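Single-letter residue listing:
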Amino acid sequence: IRDKPWGAFGGAIFLAFLLCGIFADALAPYGPNDTDLRSRLLAPSLDFLMGTDHLGRDVLSRVLIGARLSMIIGFLGAGLATVVSIVLGVVSGYLGGTFDMLIQRLVDAWMTFPGLVLLIVFISIFGPGVTQIVVVLGLQYGIAGSRIVRGQVISVREDMYAHAAQSMGAGTLHILWRHILPNIMPVIIVL
């Protein structure tokens, strides 16, 4: 806090938004879909802190409930993207050869499609829903992020400690878990 006061201030704002999304039901003064046509298009006041919309619904309540949905989609999408990036990047980068070339050509092909087009196609096939949005976002960003993870795995795979572990008879899973993954964690955290 002392070294980076603006960073701490930004962190406090992020934490406040996070808590508002988590406790949206307790903080929302009205239901998100409660309508009152007599209270249409009211300006902000003590009764409606952010005013009302064209159907008389409280804007603050709708924003708080919407924040929860946005957080769910964001965190689950980012989590799925991280898992996809790690699996594709680590397997492709460590095994190399023909398998790596095949995976990277599939990644290239996937990245040619715009995310919005993929989302529209996926929803038209499987129907609308939060799960579909999370899957498309997770796959879109995960497959793109796998290139970065792959590059780091190739770099770490050639370090002396990885070769030493391999020469001592360590298995592939041991090398990946104990030597490769810990050394690419900073990149994964950034992704």
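In what follows, the structure referred to is the one given above.
Residues numbered from 1 in each chain as written. Predicted model: local features only at pLDDT ≥ 70, side-chain atom pairs only at ≥ 80, totals over all residues. Heavy atoms only, no water.

Caption draft 1: Quick peek at the overall build of the protein. The helix and strand tally for the protein stands at eight helices and zero strands. Across the protein, helices and strands are ordered from the amino to the carboxyl terminus as α-α-α-α-α-α-α-α. For the protein, the spread of C-alpha atoms along the three principal axes comes to 75 × 50 × 25 Å. With 191 residues in all, the protein has 29% of them scored as buried. (Helix = DSSP H or I, 4+ residues; strand = E, 2+ residues; numbered from the N terminus. Buried < 20%, exposed > 50% of the residue type's maximum accessible area, 1.4 Å probe, protein only.)

Caption draft 2: Structural context of the packing of helix α6 (residues 130-157) against helix α8 (residues 172-190). Running from amino to carboxyl end, α6 crosses α8 at an angle of 140 degrees, the nearest separation of the two axes being 9 Å. For the element pair α6 / α8, the angle class is oblique. Of the two possible hands of crossing, α6 and α8 adopt the one that is right-handed. For the pair formed by α6 and α8, the contact residues are I148, V149, Q152, V153, V156 and R157 on the first element and H179, I180, N183, I184, V187 and I188 on the second. (Axes fitted to C-alpha atoms, helices over the stretch in contact; angles between N-to-C directions. Parallel < 35°, antiparallel > 145°, perpendicular 65-115°, else oblique. Left-handed = near helix turned anticlockwise from the far one by under 90°. Contact = heavy atoms within 4.5 Å.)

Caption draft 3: Quick peek at the nonpolar core. One finds V90, Y94, V149, V153, V156, A165, I175, L176, I180, L181, I184 and I188 forming the largest nonpolar core, which totals 12 residues. Examining the composition of this core, we find that six residues originate from one element, α8, more than from any other. Excluding residues within four positions of it along the chain, L176 makes contact with V90, Y94, L181 and P182. (Core = buried A, V, L, I, M, F, W, Y, C linked by side-chain atoms within 4.5 Å.)

Caption draft 4: Representation of α6 within the structure. Across its 28 residues, α6 extends 38 Å between first and last C-alpha, which sits within 8% of the 40 Å expected from 1.5 Å per residue. Along α6, the sharpest kink reaches roughly 30 degrees, centred on S146. Buried within α6 are the following residues: Q132, V134, V136, G138, Q140, G142, I143, G145, S146, V149, V153 and V156. In the core, the buried residues of α6 are packed alongside α3 (59-95), α4 (97-111), α5 (115-126), α7 (160-167) and α8. (Expected span 1.5 Å × (residues − 1). Bend = angle between axes of the 7 residues up to and from the residue.)

So far we have only geometry, and geometry alone does not tell us how the molecule works.
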